[in-house]
Amino acid sequence: SPGFTTALKMGSLLGLGLPGMPPSFTPLPVEGSSPGQPRCLAGQPLEDYTSLQAGGRPFAIPRSELPIKLYSHFHRPLAVGAAEMWNQVGQKAHGIRFFEVVASHEQAHLKVDWSGAGLSEKADATTRMKVTSTRLYMTEISMRTENRTPEQLQEALAHELGHVLGLDHSENHDDLLHYCSTARIEAPRTAASARDAWMVGWLYNQNNAIPISFNR
């Protein structure tokens, strides 16, 4: 997409048969409905908002691996702010913090590279990942900083952290996971939307999710 990309290298997905993950989160309600916002049925994902999946099964982080330890050598306050957008969702839903920003890369599950290395010309950021026969591995977040305000960078990183949780993209420009960063002209988001929260709640109530892991 012109704004954000997800780098997913597909491996063999045959013979999965993984044990199911017990439900861990209660979905948060999406209040009301507007012409551009589909009404969500209880226990169902939003029609215009997808999660990362393989073979019809979503990817999600096992609760035992939370919080994910995130390292950012540069722009640490922006990493903290982006992480807190999702932590507010997790704490409100079930008292869980999804992310913790740590002081050293030795402690981290995942690091943020602010050099923009390996990004295409049209990409502002990407979450690098790979799929094996048993799980999805998140390997790195790469960010481009040129000509972007701190608020825009924080929002972009929060978008990528949504991918880390297992979310894909939304067609609604009010959501953090909207597929194109250039489609929104309003001020950068400082919190997840009710729709973002709904999708996280739905995703972490699935009992057939394929685990998301991290290369440490």
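Up top you'll find the structure we're talking about.
This write-up is about the structure you can find in this document. (Residues numbered from 1 in each chain as written. Predicted model: local features only at pLDDT ≥ 70, side-chain atom pairs only at ≥ 80, totals over all residues. Heavy atoms only, no water.)

### A word on the pairing of strand β7 (residues 110–113)
This is how it is decided: The pairing criterion is simple: DSSP has to find at least two bridges between the two strands. Elements are defined by DSSP. Helices are runs of H or I of four residues or more, strands are runs of E of two residues or more, and each kind is numbered from the N terminus.
With 2 bridges joining them, strand β5 (residues 68–71) and β7 adopt parallel strand pairing. Bridge pairing links L70 to L110 in β7. Where β7 meets strand β9 (residues 136–143), 2 bridges bridge the pair, whose relative direction is parallel. Looking at β9, one finds that V112 is bridged to I141.

### Some details on the nonpolar core
Worth spelling out the cut-off: Nonpolar core, defined: a set of buried Ala, Val, Leu, Ile, Met, Phe, Trp, Tyr and Cys residues in which side-chain atoms within 4.5 Å join the residues together. Burial here depends on accessible area, computed with a 1.4 Å probe over protein chains only, as a share of the maximum for the residue type. Under 20% is buried, over 50% is exposed, and the range in between is partly exposed. Throughout, a contact is declared for two residues whenever any of their heavy atoms are within 4.5 Å.
I61, W86, F99, M138, L157, L161 and V164 are the most contacted members of the largest nonpolar core, which has 53 residues in total. If we ignore the near neighbours within four places in the chain, the residues touching V164 are I61, F99, L110, T127, M138, I141, I212 and F214.

### Thoughts on the pattern of salt bridges
Let me state the cut-off plainly: A pair is scored as a salt bridge if a Lys or Arg side-chain nitrogen falls within 4 Å of a carboxyl oxygen belonging to Asp or Glu.
Throughout the structure, instances matching the rule amount to 6 salt bridges. The partner of D48 in a salt bridge is R195, with the nearest N and O atoms 2.9 Å apart. With D48 in the loop between β1 (4–9) and β2 (49–51) and R195 in helix α3 (residues 194–203), this pair connects stretches of sequence that are 147 residues apart. The same class applies to D48 as to R195, namely buried. With a shortest N-O distance of 3.9 Å, E140 and K111 are connected by a salt bridge. One end of the pair, E140, is in strand β9; the other, K111, is in strand β7, with 29 residues separating them in the sequence. The exposure class of E140 is buried, given its relative accessible area of 17%. Shared partners join several salt bridges into a network, and the residues in it are D48, D175 and R195.

### A word on the pairing of strand β8 (residues 125–131)
Counting buried positions along β8 yields 5 of 7 residues, so the element is predominantly enclosed. Joining the antiparallel neighbours β8 and β9 is a turn of 4 residues.

### Structural notes on the environment of Q107
To be explicit about the condition: Two N or O atoms form a polar contact when they lie within 3.5 Å of each other; inside protein one atom must be a possible hydrogen donor and the other a possible acceptor, and for residues adjacent in sequence the pair counts only when both atoms belong to side chains.
Mapped onto the secondary structure, Q107 falls in the loop between β6 (99–102) and β7. The class for Q107 is partly exposed, based on a relative accessible area of 36%. In the structure, Q107 is positioned 37 residues away from L70 in sequence and 8.4 Å away in space, judged by C-alpha atoms. A distance of 3.4 Å separates a polar atom in the side chain of Q107 from the backbone nitrogen of A103.

### Digging into unusual backbone geometry
With an omega of 0 degrees, the peptide bond running from L66 to P67 counts as cis. Locating P67 in the fold gives a position in the loop between β4 (57–60) and β5. The phi dihedral of H75 is positive, around 55 degrees, even though this residue is not glycine. Examined against the element boundaries, H75 turns out to sit in the loop between β5 and α1 (76–94). Positioned with a positive phi, N147 is a non-glycine residue whose angle comes to about 60 degrees. In this fold, N147 is placed in the loop between β9 and α2 (150–165). When its relative accessible area of 82% is taken as the criterion, N147 is described as exposed.

Purely geometric numbers; function is a separate question.
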